[in-house]
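Here is how the chains run, residue by residue.
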Amino acid sequence: MNQLNKGKAKYISVLVSAGLLLMITLYCGAVGSGAMHFHSFLTTDTIPLKTDSAKNKNALAPSASQEPLATTIKKTADTSIVIKKDTLFDFKSSKDSLDAPVIYHADDSMIMDIPEKKIILYGKETRVEYIDNKLVSPRIEFDQRTNLVSAYLVKDSNGNVISFPKFNQGDFKTQSDSIKFNMKTGKGITKGTYTQQDEMFVYGERIKKTDANTFYAYKGRFTTCNLDTPHFSFVSKKIKFINKKMAITGPVHPEFEGVPVPIVLPFGIYPLSQGRHSGILAPTFNANEQLGLALEGLGYYKVINDRWDVVLRGTLYSYGGWTANVSPRYYKRYHYQGNLTVDIQHLRDLDRSGARNFNIRWSHSSDTKARPGVSFNASLNAGSSGFNSAVPNSPQRNFQNILNSSITYSKIWKDKPFNLNISGNHNQNTNTKQFNINLPDIGFNVNTLYPFRRKEVIGSYRWYENIGIALNTNIRSLSTFYDTSGGFFKAFTKNYQWGASHLIPLSLSLPQVGNFQFAPSVSYTEKWYQEKFIRSWDGINKKLDTTISKGFYTAREMSFGMGVSTRIFGLFTFGKKSPVKAIRHELRPQLSASYKPDMNRKFWYSTQVDTFGNVRRYSIHERGVFGPFSEGKFGGLNFVLDNNVQMKVRNRKDTSAGAVKKVTLIDGFSISTSYNFLEDSFQLKPFNINVRTNLFDKISISANALVVPYLTNANGEFIDKLIWNKKILALGKMTSGSIAVQSQFRGGDKKEKLANTNPVLNQVNPYTGMPLDEYQQEAAYISNNPGEYANFNIPWSISFSYSLNYSRVPNGFGTGYTGSVSQNVTWSGTLNLTPRWQIGLNGSYNITNKDLGMISMYLTREMHCWQMAINISPVGKYRSFNISISPKSGLLRDLRINRTRYFYDL
């Protein structure tokens, strides 16, 4: 029977195809450009009318002066032919005809029922396309009388679904058990339908589509979980969806794992539109031991125009405190973007009146495409010294005691050797309440010029043509004061200082001589000062007096030098059976001779500083912004020796012959010093030692030390006697040094990345072009990279760092020096308890002060479309507990359960 149906379908298809082919051939011949007159002879009646013979004779006998026949036909109509219309294409459209052709395809077979005017298509990928409608289903029926297209799912002999009907119309896409669709009106009804609206997944027992943008769902549910049986959903008997705009429901209640929750809302409105829209920002409930219960983050988002928007937020506390936040943002594509945040605190607790603080943050960046060569960037963070420590429920921010700001404008002239840089910088210590402000800081540089070079060069440059000169000018203003002094601008102007530095280096590039590279140099430096600062001992009152003379003062210095450098390689090889193939040692020595005349001795003086008669030397420019020049002349040698050690070993991961890999044993080990032949004492300068390595690509080690090669007296002061007079093998006395060790170990795939909780900055909304606010950034980052907050592919990880700092400082009694040591260790680790549970620990400890820093622990649970995190800070000045459960989708970011308790010690 199936073969008979296929035969009938094939026979009917052949007849229909033959008829269509004939009609298309006739039509193409009628309109083809290659048959200009064929249309006239085929579709006109050629029977001539009865006419007067004389007239016909005159018409058919042209004189010599007449034009050819073809030309005559173009100018005058032939009245001997009566034109009649061909009725082949003269027809009226049927009322039930469609507006466009229907394209269909059947994988298996097609049945055409002519009496019933139906077509039935079979096949797994059977499809029908009409305008922007596309239907794919294993079985499709088309009724020409009603213009209805019906599609059904098909099951195999075991009852398993072979394929579901899928319907697409523009942005509207569905998958259903059955579909009925009117191709003329665009309306339809489906059963057991799944569809998606942006992040929202919708299921309806029955869905009715009334037009291209509106459809209704009966007994529907919607969720952001993409599983067939979602972990959670909102269920309503009646739902109306307006595509890309909103969803409106009747009474709605949530379900978790199919279990209804007895919380019913009378109606619901859910935005589905993309882009920016003004509206209310939902708050969260919180608690604080000192401030009381809190309604946190209640606000309003306002779209001002295409380039500006603003976020207004506030928090109310039950003890009477409040905070306010205003955050306008601006963005112009290919030009600039930025945001400004103003925070105000007015806190109140039960024991005291509370704190009143403010904080201002401004971020701005310009696009170099707007003005090539010109850039303007700003990063401002300033405010009251007590702001960070008073931020509720934020232990990390409570420990931030340094605020920094920077505003920079730079310009590079095209095809010119000049560049300009103007900046303003701010540094604030919230513990000491000290402000350091540089405003302005101007830098003007001229790149190296070669004044002796020819405009047209033939051959190579002569030696003197490589003489270059440059200019580096810096003008800096500085003001240092304390927040407790009162009157910000008054304190700023009172302590305002300025200075300038000009450096003119002369260089000469010489060709390499054998294995040596020579580099002569000459430099001239000049500094400008605004004051003289002189100390003097008052013998009567036994105190140290100071005198400040305002004015414009200058000082200058010159130096001359010649440097030579080379590279020396040493190689030690091992036997063929040894896993170590070779060790290579590279030495990079640099030796330079320099001379600096004493041009600043007149600016130095000696004075008594205490009642013991101790004398110190000072410069009258010691308080200058750029500092004073050193006294004395220098004529000596500068020496630097850097080392690098590498090892070649057999690569165990590569079994091919000769497969080796490089292992760096010492990245760098350098020693530098200088010797001044012109000084009468302390001619050998301290040794500066630096070591850095990364052992086995696992342990990073860096160390540095400053060693003075002289003996000391009873008070710990250095005397002009080299230490080798008594200790031959000693290098000297270390006055400062540090060691830092870092390492990280983990299990699982080494290509996996550890969790990175740093927020993503400068994200841009793809629909509006505006930067995302912090909530949108967090939601987008979690949605796009959920594994980076808790990477469950790494079963365990541990990282630690250790630092040791040493400095030799006076003991405070004038009788000697003492060593100051500071040791700190920090650690962090993660452990997967199960494939979906992870625990983590972070902390720090000051070994010197035996002080335990902030310890934080977290427990996170991967729940597919939800996330849960428990954060605990049990020790330290700031202690807190937080548990949060929320969907990953940014659309439902305000739908969360949050519980926070916060404690701190006064």
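Residues numbered from 1 in each chain as written. Predicted model: local features only at pLDDT ≥ 70, side-chain atom pairs only at ≥ 80, totals over all residues. Heavy atoms only, no water.

Asks: Can you walk me through the overall build of the protein in this structure?
Replies: When its secondary structure is counted, the protein shows 8 helices and 52 strands. Here the protein holds 906 residues, and 31% of them are scored as buried. (Helix = DSSP H or I, 4+ residues; strand = E, 2+ residues; numbered from the N terminus. Buried < 20%, exposed > 50% of the residue type's maximum accessible area, 1.4 Å probe, protein only.)

Asks: Honestly, the side chain of K596 in this entry has me stumped. Any pointers?
Replies: Inspection of the secondary structure assignment puts K596 in strand β35 (residues 580-596). Here G632 takes part through its backbone oxygen, which lies 2.8 Å from a polar atom of the side chain of K596. Setting aside residues up to four positions removed in sequence, K596 forms contacts with E557, M558, S559, S630, G632, K633 and F634. (Polar contact = N/O pair within 3.5 Å; in protein donor to acceptor, adjacent residues only side chain to side chain. Contact = heavy atoms within 4.5 Å.)

Asks: Whenever I open this one, the packing of aromatic side chains confuses me. Can you help?
Replies: Working definition: an aromatic ring pair is given by the centre-to-centre distance plus the angle between the planes. Evaluation of the coordinates by the stated rule reveals 21 aromatic pairs. For the pair Y675 and F677, a centre-to-centre distance of 5.0 Å together with 65° between the ring planes defines the contact as edge-to-face. The ring of W413 carries the charged tip of K411 above its face, separated from the ring centre by 5.4 Å. Above the plane of the ring of Y817 lies R808, whose end atom (NZ or CZ) is 4.3 Å from the centre. (Phe/Tyr/Trp six-rings, centres within 6.5 Å; stacked < 30°, edge-to-face > 60°. Lys NZ or Arg CZ within 6 Å of the ring centre and 35° of its normal.)

Asks: Please clarify how the pattern of salt bridges should be interpreted in this entry.
Replies: A side chain with one charge may pair with a side chain of the opposite charge, provided their charged atoms come close. A complete count under the given rule lists 22 salt bridges for this structure. Across the pair E141 and R139 runs a salt bridge, and its minimum N-O distance is 2.5 Å. Classification of R139 as partly exposed rests on a relative accessible area of 29%. The closest approach of N and O atoms between K596 and E557, which form a salt bridge, is 3.6 Å. Here the residue K596 occupies a position in strand β35, and E557 occupies one in strand β33 (residues 543-565), the gap between them amounting to 39 residues. (Salt bridge = Lys/Arg side-chain N within 4 Å of Asp/Glu carboxyl O.)

Asks: Before we go on, may I ask you to explain the environment of Q742 in this structure?
Replies: Within the element layout of this structure, Q742 appears in strand β44 (residues 733-746). A relative accessible area of 48% places Q742 in the partly exposed class. Here the alpha-carbon distance between Q742 and I701, two residues 41 residues apart in the chain, equals 6.7 Å. The residues touching Q742, leaving out its near neighbours within four places in the chain, are K698, I699, S700, F800 and S801.

Asks: What should I look at first to understand a nonpolar patch on the surface in this one?
Replies: Together, F560, L591, Y595, L637, F639, F677 and L678 give the surface a local cluster of nonpolar side chains, amounting to about 610 Å² of exposed area. Residue assignment for the nonpolar patch shows that the elements contributing at least two residues are β35 and β38 (634-650). Classification of F639 as partly exposed rests on a relative accessible area of 35%. (Patch = residues over 30% accessible without salt bridge, like charges linked within 9 Å, V, L, I, M, F, W, Y side chains within 5 Å. Areas by Shrake-Rupley, 256 points an atom, 1.4 Å probe, with all protein chains shown as cover.)

Asks: In this structure, what is going on with the environment of R356? I would like to understand it.
Replies: Tracing the sequence through the fold places R356 in strand β25 (residues 356-366). Among the residues examined, R356 registers a relative accessible area of 52% and is labelled exposed. C-alpha of R356 to C-alpha of I344: the two residues are 12 residues apart in sequence and 7.5 Å apart in space. Excluding residues that lie within four positions of it along the chain, R356 makes contacts with Q345, H346 and R348. Separated by 3.0 Å, the side chains of R356 and H346 make a polar contact.

Asks: Would you mind showing me how to read the nonpolar core here?
Replies: The tendency in soluble globular proteins is for nonpolar side chains to be buried side by side. Residues L135, I140, M183, F222, F232 and F241 are the most contacted members of the largest nonpolar core, which totals 33 residues. Where this core is concerned, the elements lending two or more residues are β3 (118-130), β4 (133-143), β5 (148-152), β10 (178-182), β12 (200-209), β13 (214-223) and β14 (232-242). Grouped together as the second largest cluster of nonpolar side chains are 8 residues, Y553, F603, Y605 and F629 included. (Core = buried A, V, L, I, M, F, W, Y, C linked by side-chain atoms within 4.5 Å.)

Asks: What is the right way to read the pairing of strand β27 (residues 402-412) from this model?
Replies: Along a regular strand, successive side chains alternate from one face of the sheet to the other. Two strands pair when backbone bridges link them, and strand β26 (residues 374-383) and β27 are joined in this way by 6 bridges, in the antiparallel orientation. Bridge pairing links F376 to Y409 in β27. Strand direction decides the pairing type here: β27 and strand β28 (residues 418-429), joined by 11 bridges, are antiparallel. Opposite N404, over in β28, you have N427 as the bridge partner. Two successive antiparallel strands, β27 and β28, enclose a turn made up of 5 residues, where D415 displays a positive phi of approximately 60°. (Pairing = 2+ DSSP bridges.)

Asks: Mind showing me how you'd approach the confidence of the model for the protein here?
Replies: Caution applies to low-pLDDT parts of the model: their predicted coordinates are not meant to be read in detail. Per-chain confidence: the protein averages 80 in pLDDT, with 81% of residues scoring 70 or above. Between residues 1-77, whose pLDDT stays under 50, and residues either more than four places distant or in other chains, the model counts 30 contacts. For residues 781-788, every residue scores under 50 in pLDDT, and the model assigns this stretch 13 contacts once sequence neighbours within four places are set aside. (pLDDT = per-residue confidence, 0-100.)

Asks: What is the right way to look at the environment of A390 in this model?
Replies: Structurally, A390 is set in helix α5 (residues 387-390). By relative accessible area, A390 is classed as buried at 18%. The sequence separation of A390 and Q345 amounts to 45 residues, and the corresponding C-alpha distance is 8.4 Å. When residues no more than four places from it in sequence are discounted, the contact partners of A390 are Q345, L347, N357 and N398.

Asks: Sorry if this is basic, but what is going on with the pairing of β4 here?
Replies: Judged by how many residues are buried, β4 sits mostly within the fold: 9 of 11 residues are covered. Pairing of β3 with β4 involves 10 bridges; the strand directions are antiparallel. Within β4, the residue paired with K118 across the bridge is D143. The hairpin turn running from β3 into β4, its antiparallel successor, is 2 residues long, and I131 in that turn takes a positive phi close to 55°. In this sheet, strand β8 (residues 166-169) lies alongside β4 in antiparallel orientation, the contact comprising 4 bridges. Paired with N133 across the bridge in β8 is Q169. Sheet analysis places β4 next to β5, joined by 5 bridges and oriented antiparallel. Paired with D143 across the two strands is L148, which belongs to β5.

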